[in-house]
Amino acid sequence: MYRIIVTAKKQLKGYCHVHKEGDTFIIEEGQIIRLVKGNGICIYALAAMLPLFPALSKELPADDWMSAEVQEYICLDPENTMLFEIKREKV
């Protein structure tokens, strides 16, 4: 099982009203969201990443693109776009 650590890395466009650089949330046990730093979790950002969390929380074949320890994702908000870093941490 893997813990997934999601961190807001960089504002790419506009101004995100939810996330600031460094804001972090964690996905534990493949289904529990814990806010570590910040005021909340933007629904656009969550929608972009949500389908990935179940797979990222499990052991994956080494040649699977999702098995990378660190990945980057962009939220779906077309006006206020934030870049996020997603890390997998074995627990």
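Every value quoted in this text rests on a predicted model; they were computed, and no experiment measured them.

Chemist: Got a sec to walk through the state of the cysteines? Specific residues and values, please.
Modeler: With the rule as written, the count across this model stands at zero disulfides. Between Cys 75, a free cysteine, and Cys 42, which holds the nearest cysteine sulfur, the sulfur-to-sulfur gap is 6.0 Å.

Chemist: Explain the environment of Asp 77 to me, and be specific about the residues and the numbers.
Modeler: Within the fold, Asp 77 resides in the loop between strand 4 (70-74) and strand 5 (82-90). Between the C-alpha atom of Asp 77 and that of Glu 59, which follows or precedes it by 18 residues, the distance is 30 Å. A polar contact of 3.1 Å, which involves the side chain of Asp 77, links it to the backbone nitrogen of Asn 80.

Chemist: Lay out the side chain of Glu 28 in plain terms, naming residues and giving numbers.
Modeler: Following the sequence through the fold, Glu 28 ends up in strand 2 (residues 24-28). At 3.5 Å, the side chain of Glu 28 and the side chain of Arg 3 are in polar contact. Ignoring anything within four residues of it in the chain, the contact list for Glu 28 reads Arg 3 and Arg 34.

What counts and how
Sequence positions are assigned chain by chain, starting from 1 and proceeding in written order. Predicted model: local features are reported for residues with pLDDT of at least 70 only, side-chain atom pairs are reported and counted for 80 or more only, and whole-chain, interface and lining totals are derived from all residues. With hydrogens and water set aside, each side-chain value is computed from the structure's full complement of heavy atoms. What counts as a disulfide here is a pair of cysteine sulfur atoms lying within 2.5 Å. Each helix corresponds to a stretch of at least 4 residues labelled H or I by DSSP, and each strand to a stretch of at least 2 residues labelled E; elements are numbered beginning at the N terminus. Polar contact criterion, stated in full: a pair of N or O atoms within 3.5 Å, where within protein one must be able to donate a hydrogen and the other to accept it, and residues adjacent in sequence count only if both atoms are side-chain atoms. Here, two residues are considered to be in contact whenever any of their heavy atoms come within 4.5 Å of each other.

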